[in-house]
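Chain by chain, the residues:
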Amino acid sequence: MNWQQLPILQVILPLLAAPCCLLLRRSRWAWGFASLVGCLAFLIAAKQLHVIHNSPAGAISYQLGDWVAPFGIEYRLDRLSGLVLVVVTAIAAVALSVSRRLLKGEVPEERHHLFFAIFLLCLTGLSGIVSTGDLFNVFVFLEIASLSSYVLISMGRDRRALLAAFQYLVMGTIGSTFLLIGIGLAYMMTGTLNMADLAERLTMTLGSVYGEGASLENPALPVNQTRTILAAFGFLTVGLALKLALFPLHAWLPNAYATAPTVVSTFLAGTSTKVAYYVLLRIIFTIFGLTFAFQQVGLQYLLTPLAVTAILVASAIAAYQADLRRLLAYSSVAQIGYLVLGLSFATHAGVTAGIVHLFNHALMKSGLFLVVGCIATRQSGLTLESIRGLGRRMPLTMAAFVVGGLGLIGVPMTSGFVSKWLLVSAALEHDRWLVAVLVLVGSLLAIVYVWRVIEAAYFQSPDETGSDEVGEAPVGLLLAAWVLLGATLVLGVYTDLTVGLAREAATTLLGGGS
Amino acid sequence: MSPQSLVLAAVVMPLVTAVLVAACGRRPNLRETVTLVSGGLLLGVVCLLVGSVDARPEVNVIDVIPGSFDRPAISIGFHVEPLGVLFALVASGLWIVTSVYAIGYMRGHGEQNQTRFFACFAVAIAAVMGIAFSRNLLTLFLFYEVLTLSTYPLVTHHGTEAAKRAGRTYLGILMGTSVVGLLLAILWTWQLAGTLEFRVGGILDGHVEPVTAGVLLALFAFGTGKAALMPLHRWLPAAMVAPTPVSALLHAVAVVKAGVFTILKVGVYIFGTDLLSSSGASVWLMYVAGASLLTASLIALTRDNLKERLAYSTISQLAYIVLGVALATRSGVIGSGMHIVMHAFGKITLFFCAGAILIAAHKTRVSELDGLGRRMPWTFAAFSVGALSVIGLPPVGGSWSKWFLALGTVEAGQWPLLGALMISSLLNIAYLVPIPLRAFFRDAPPGVGGDEETGGEAPVACVVPLCLTASGCVVLFFCADPIYQFLLSVTVN
């Protein structure tokens with residue numbers, strides 16, 4: 001069979017399916033259709049990863065409308081994009097297939113078809129960002145994803161969701177604007193938007209980019225030595241840090257995740273920040289290159305302290321949260337610190353650790369939010385106080401939470417341990433002792449916040465009002481949560497897929513950029 | 001069966017037991033039968049492994065971190081070597097005895113959540129087997145954490161506020177030290193040596209400076225919170241809120257011995273005794289251990305609560321074992337290995353007695369024991385034997401291990417430490433011997449004497465195990481030679 005059209009299908013399928021959901025109107029039909037699309041998207045992504053992995057170059061390129069890049073838009077997928085796409089679509093497929101049950105009581109039924117349409121648009125945006133090899137296209141898809149996620153978040157059941165969505169809207173728009181300015185500046189200096197082309201032209205001299213006729217002060221100056229490019233890099237990095245919720249630009253994230261409908265938190269927790277991280281990797285390593293970012297600009301002096309602070313501060317804040325979803329959200333901010341820390345080492349081992357953790361954490365955190373969704377189907381309270389004794393009433397649900405929690409701590413045999421191991425050994429490789437110790441202290445804090453939940457659920461008796469009957473979440477939901485968190489266990493033992501692919505992806509990234 | 005499958009069986013079987021126990025929750029008799037039968041099977045498996053120890057069979061289960069261009073893969077895997085077999089033998093043998101005791105105790109006491117109790121117990125034994133047979137540091141770390149997590153529900157078994165607080169201390173210290181100290185030490189070893197395998201003669205030789213070796217050893221020693229080296233000993237007295245069988249097996253045998261066993265294995269197979277003695281990296285550890293064993297003995301003197309006194313005694317005895325490793329001489333290592341066995345038998349007897357006293361007479365304090373000896377002669381006779389073994393007097397097993405440890409200090413030329421050992425033995429006498437003396441020779445206080453006629457010994461299921469372990473202490477005195485020969489093969493390259 002001919003698999004050449006896969007890259008465009010990945011993006012266009014959810015895009016076309018979104019308006020169809022509107023036409024279907026009935027909640028059940030729209031849901032069935034959207035779930036089908038989600039599963040198809042996952043299959044496409046999986047097949048695509050397979051094709052990429054077996055292709056000689058380790059990458060596939062797709063020219064939109066047969067317009068040759070850099071004139072036309074190019075979709076370019078390598079192992080990294082393939083991996084991220086698999087994560088995004090897998091989580092989307094799981095979230096969509098259980099969404100109807102989760103939406104019950106959170107979004108009125110007559111608005112379900114709107115919800116599914118927006119959800120698919122969001123998926124389009126996220127898939128597009130990862131697929132495209134064109135920088136402006138990244139911006140366009142990022143806007144699609146962002147705008148739809150503002151809407152998704154605002155559908156939360158109480159009015160705080162509106163405020164959270166508005167806060168995210170303001171912050172997100174600032175981030176997008178920064179990105180656009182950065183892209184514009186880069187375009188101004190190089191005249192191209194194609195990533196590969198950009199990377200090439202950035203290292204050329206001004207004279208060769210502008211040609212003989214241009215009157216230049218210093219034609220021998222490489223383009224990436226100009227102040228404009230420096231500014232572009234700054235704008236892009238800050239803009240992405242906002243989207244990524246890197247400390248201290250994380251303020252929008254806890255509110256958004258804590259008030260959005262649970263299915264939305266499940267989806268976004270595993271995808272949106274991960275995709276932003278992907279773009280950051282692309283911009284730093286593929287476009288600007290290792291030498292520029294770390295030797296000329298010295299990005300590590302900014303990112304390493306911020307990442308470590310994120311790990312410590314956000315974990316500490318998480319330990320003080322009474323609301324389960326806020327606790328998980330702050331834990332996400334901390335985990336983003338781990339991701340960025342791996343990147344900031346700018347070594348093969350560090351980037352590998354970052355990519356592996358992207359994969360592992362996405363599944364873990366989505367699974368944990370799904371567990372919260374399971375709890376929400378049985379009771380309205382989602383605070384530590386209201387989950388007392390839940391280990392007895394919902395044994396399978398809480399067991400899933402324990403697995404995910406152990407993954408967050410990084411207990412051996414969970415995928416969290418694998419990423420932590422890689423990250424700390426990457427730190428030790430270059431004698432970054434302090435960082436290594438601080439990362440481990442971060443896991444200590446993770447023990448604290450995870451254990452508060454476990455202790456409440458298993459070792460505290462419920463109030464007198466609470467019944468002691470077993471009342472598990474619906475089977476489908478439970479199954480979905482176990483699929484995601486079971487992956488945490490499986491990927492903690494069978495690491496060939498994640499670590500192997502991430503190593504090759506890191507080789508491509510570092511080799512291609514420097 | 002091949003030794004490879006036997007090793008796997010030793011780890012998997014208790015896990016299966018845990019599942020079966022959980023499944024048989026509604027039928028207590030069946031549940032207890034499962035525990036006892038699999039305890040017998042496990043002991044049989046471990047005994048079979050003794051025969052294959054010379055061949056050092058190895059088995060690889062799975063690669064957890066795939067190898068990269070310059071590094072081999074890190075795997076979960078097991079091997080059979082003398083130290084591990086010895087530890088596994090002690091733990092599996094005492095598991096059966098403890099199970100019998102626990103059945104009597106839990107039923108006699110009418111405890112809640114017995115199914116959870118026995119299931120967690122089985123998981124903990126599986127973890128101990130994993131630690132004993134672990135082939136590399138990663139496997140050891142994995143089972144070390146499993147042991148912590150599976151014993152947490154046992155420590156907090158009563159579910160009271162005090163139990164929960166103790167559970168937090170327990171988990172906080174054990175997990176905290178292991179995540180920050182032990183894991184860092186393992187990662188560092190990985191950076192330095194490029195491997196994590198346990199090898200005779202060590203893997204670090206030639207890869208470290210003396211100072212680095214000292215720091216790394218410190219990370220290992222303090223990262224292994226289960227060894228309860230002062231000042232990281234707080235969890236052990238706190239964990240005494242657990243039911244007595246837990247204190248007996250886990251805090252005299254499995255958990256604490258897993259800690260010192262880790263240090264022993266790291267000392268012998270990661271650093272190697274040659275590296276430790278030639279670089280002087282472990283001199284500081286000798287003195288920390290010496291200080292720890294004296295201080296803990298002194299604190300034990302001041303404790304009136306029987307279990308708490310035994311807990312501090314354990315801390316002190318664990319420091320003996322760490323001291324033996326730090327000495328890094330042949331006798332030191334042999335003494336350490338032997339003390340793991342001898343102390344296990346002695347201390348478990350003492351804990352069993354404490355539990356029997358609690359069940360039969362509802363007494364927890366040393367000062368309340370006056371005159372109880374006449375009522376519970378077996379219990380207090382066993383207590384005396386156990387106490388002698390912990391002190392290290394003939395004709396009980398503990399005398400051999402203390403002898404070798406003392407010899408070790410002489411070989412290393414550390415005279416002050418020899419003094420410390422002697423003083424500590426005197427302190428042991430001072431805090432242990434008065435207990436049976438009180439019970440046998442003092443009269444019961446007036447008013448509670450009525451118990452003497454009505455009450456007797458604890459249930460048979462409690463008394464038999466403690467007599468068994470006490471006679472074990474005596475048998476070990478006469479049969480120490482096989483253990484000695486066994487351990488000798490570790491120290492000879």
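Because the structure is a prediction, the values reported are computed rather than measured. (Residues numbered from 1 in each chain as written. Chains lettered and ligands numbered in written order. Predicted model: local features only at pLDDT ≥ 70, side-chain atom pairs only at ≥ 80, totals over all residues.)

Counting its regular elements, chain B contains 21 helices and 2 strands. With the C-alpha coordinates aligned to their principal axes, the bounding extent of chain B is approximately 75 × 55 × 45 Å. Scored against the burial criterion, the 493 residues of chain B give a buried share of 61%. The contacts of chain B with a sequence gap of at least 6 include a subset with a gap of at least 24, amounting to 80%. (Helix = DSSP H or I, 4+ residues; strand = E, 2+ residues; numbered from the N terminus. Buried ≥ 20, exposed ≤ 12 C-beta atoms within 10 Å, placed from the backbone. Contact = placed C-beta atoms within 7 Å.)

Further remarks concern the overall build of chain A. Scanning chain A from terminus to terminus reveals 21 helices and 2 strands. For 514 residues, the compact-globule estimate of 2.2 N^0.38 gives 24 Å, and chain A sits close to it at 22 Å. Its C-alpha atoms give chain A principal-axis dimensions of roughly 85 × 55 × 45 Å. Looking at the 514 residues of chain A, the share that counts as buried comes to 61%. Taking as baseline every contact in chain A between residues at least 6 positions apart, the subset at least 24 positions apart corresponds to 78%. (Rg over C-alpha atoms; globule rule 2.2 N^0.38 Å.)

Before going further, it helps to examine the nonpolar core. Within soluble globular proteins, side chains that are nonpolar tend to cluster in buried spots. If you look at the biggest cluster of nonpolar residues, it comprises 402 residues, and the most contacted ones within it are Ala34 and Leu120 of chain A together with Ala10, Ala91, Val128, Val322 and Leu323 of chain B. Lining this core are residues from two domains, each supplying at least three of them: domain 1 (1–278) and domain 2 (282–493) of chain B. Ignoring any residue separated from it by four or fewer positions in sequence, one finds Ala91 of chain B in contact with Ile125, Val128, Ala132, Val253 and Ala254 of chain B. (Core = buried A, V, L, I, M, F, W, Y, C linked by C-beta atoms within 7 Å. Domains from an automatic or database assignment.)

All names here are of chain B. With domains assigned, chain B is organised as domain 1 (1–278) and domain 2 (282–493). For the side of domain 1 that touches domain 2, the elements supplying multiple residues, two or more each, are α3 (82–109), α7 (210–223), α8 (235–238), α9 (244–271) and α10 (273–279). At 16 residues, the largest contribution of residues to the side of domain 1 that touches domain 2 is made by α9. When the residues that make up the side of domain 1 that touches domain 2 are grouped by side-chain class, the tally is 33 nonpolar, 12 polar and 1 charged. (Nonpolar A, V, L, I, M, F, W, Y, C, P; charged D, E, K, R; others polar.)

What follows concerns the interface of chain B and chain A. Between chain B and chain A, the contact holds 22 residues from the first and 25 residues from the second. Contributing elements (two or more residues each) for the side of chain B that touches chain A: β1 (58–65), α5 (137–155) and α6 (161–193) of chain B. The element best represented in the side of chain B that touches chain A is α6 of chain B, accounting for 12 residues. Class assignment of the residues belonging to the side of chain B that touches chain A gives a composition of 15 nonpolar, 5 polar and 2 charged.

Residues and elements named next belong to chain A. Across the interface, helix α15 (residues 348–378) lies against helix α18 (residues 415–429) with an axial gap of 9 Å and an inter-helix angle of 160°. When the axes of α15 and α18 are compared, the pair comes out roughly antiparallel. Relative to α18, the crossing made by α15 is left-handed. Between α15, through Ala349, Gly350, Thr352, Ala353, Val356, His357, Asn360 and Met364, and α18, the contact on the second element is made entirely by Ser415, Gly416, Val418, Ser419, Leu422, Leu423, Ser425, Ala426 and Glu429. Classifying every residue of the contact of α15 with α18 gives 8 nonpolar, 8 polar and 1 charged. (Axes fitted to C-alpha atoms, helices over the stretch in contact; angles between N-to-C directions. Parallel < 35°, antiparallel > 145°, perpendicular 65-115°, else oblique. Left-handed = near helix turned anticlockwise from the far one by under 90°.)

What follows covers the environment of Leu372 of chain B. Residue and element names in this part refer to chain B. Take Leu372: it is sitting in helix α14 (residues 372–375). Residue classification places Leu372 among the buried residues on the basis of 26 C-beta atoms within 10 Å. Along the backbone, Leu372 and Val241 are 131 residues apart, and their C-alpha atoms lie at a distance of 23 Å. Residue contacts for Leu372: discarding those within four places in its chain leaves Ile357, Ala361, Lys363, Phe380 and Ala439.

Glancing now at helix α20 (residues 460–478) of chain B. Residues and elements named next belong to chain B. Under the 1.5 Å per step criterion, the end-to-end length of α20 is 27 Å for 19 residues, consistent within 8% with the ideal 27 Å. Turning to α20, its buried residues are Cys462, Val463, Pro465, Leu466, Thr469, Ala470, Gly472, Cys473 and Leu476. On the buried face of α20, the contacting elements are α3, α13 (330–361), α15 (377–391) and α21 (480–491). (Expected span 1.5 Å × (residues − 1).)

All names here are of chain A. It is at 8 Å that the axes of α18 and helix α19 (residues 433–459) come closest, and there the two elements cross at 155°. Taken together, the axis directions place α18 and α19 in an arrangement best described as roughly antiparallel. Where α18 abuts α19, its residues Lys420, Leu423, Val424, Ala427 and Leu428 lie against Val435, Ala436, Val439, Leu440 and Ser443. Its residues assigned to classes, the contact of α18 with α19 comprises 8 nonpolar, 1 polar and 1 charged.

With that settled, consider helix α6 (residues 160–190) of chain A. With 31 residues, α6 of chain A extends 44 Å from end C-alpha to end C-alpha; this agrees with the ideal 45 Å at 1.5 Å per step. Once α6 of chain A ends, the next one or two residues include Gly191 of chain A, with phi positive near 75°.

Within the fold, Ile483 of chain B resides in helix α21. Taking C-alpha positions, Ile483 of chain B is 25 Å from Gly290 of chain B, a pair spaced 193 residues apart along the chain.

Here we come to the confidence of the model for chain B. The predicted model of chain B has a mean per-residue pLDDT of 85, with 97% of residues at 70 or higher. Across the interfaces of the predicted complex, the ipTM metric reaches 0.85, alongside a pTM of 0.89. (pLDDT = per-residue confidence, 0-100.)

This part takes up unusual backbone geometry. For the bond from Phe247 of chain A to Pro248 of chain A, the omega torsion is 0°, close enough to zero to count as cis. Assignment of secondary structure puts Pro248 of chain A in the loop between α9 (227–244) and α10 (252–259). The amide bond that connects Met230 of chain B to the next residue, Pro231 of chain B, takes the cis arrangement and shows omega of 5°. Positive phi outside glycine occurs at Ala245 of chain A, with the angle close to 60°. Here Ala245 of chain A shows up in the loop between α9 and α10. On the basis of neighbour counts, which here come to 27 C-beta atoms within 10 Å, the residue Ala245 of chain A falls in the buried class. The phi dihedral of Met413 of chain A falls on the positive side, at around 80°, and the residue is not glycine. Examined against the element boundaries, Met413 of chain A turns out to sit in the loop between α17 (395–409) and α18.

What follows covers the pairing of strand β2 (residues 74–78) of chain A. Side chains on a regular strand alternate between the two faces of the sheet. All names here are of chain A. Summarising burial for β2: 5 of the 5 residues are buried, a large majority. Every second residue of β2 is oriented toward a common face, with Glu74, Arg76 and Asp78 on one face and Tyr75 and Leu77 on the other, all of them buried. In the sheet, strand β1 (residues 59–63) pairs with β2 via 5 bridges, with the strands oriented antiparallel. Looking across to β2, one finds that Ser61 is bridged to Arg76. (Pairing = 2+ DSSP bridges.)

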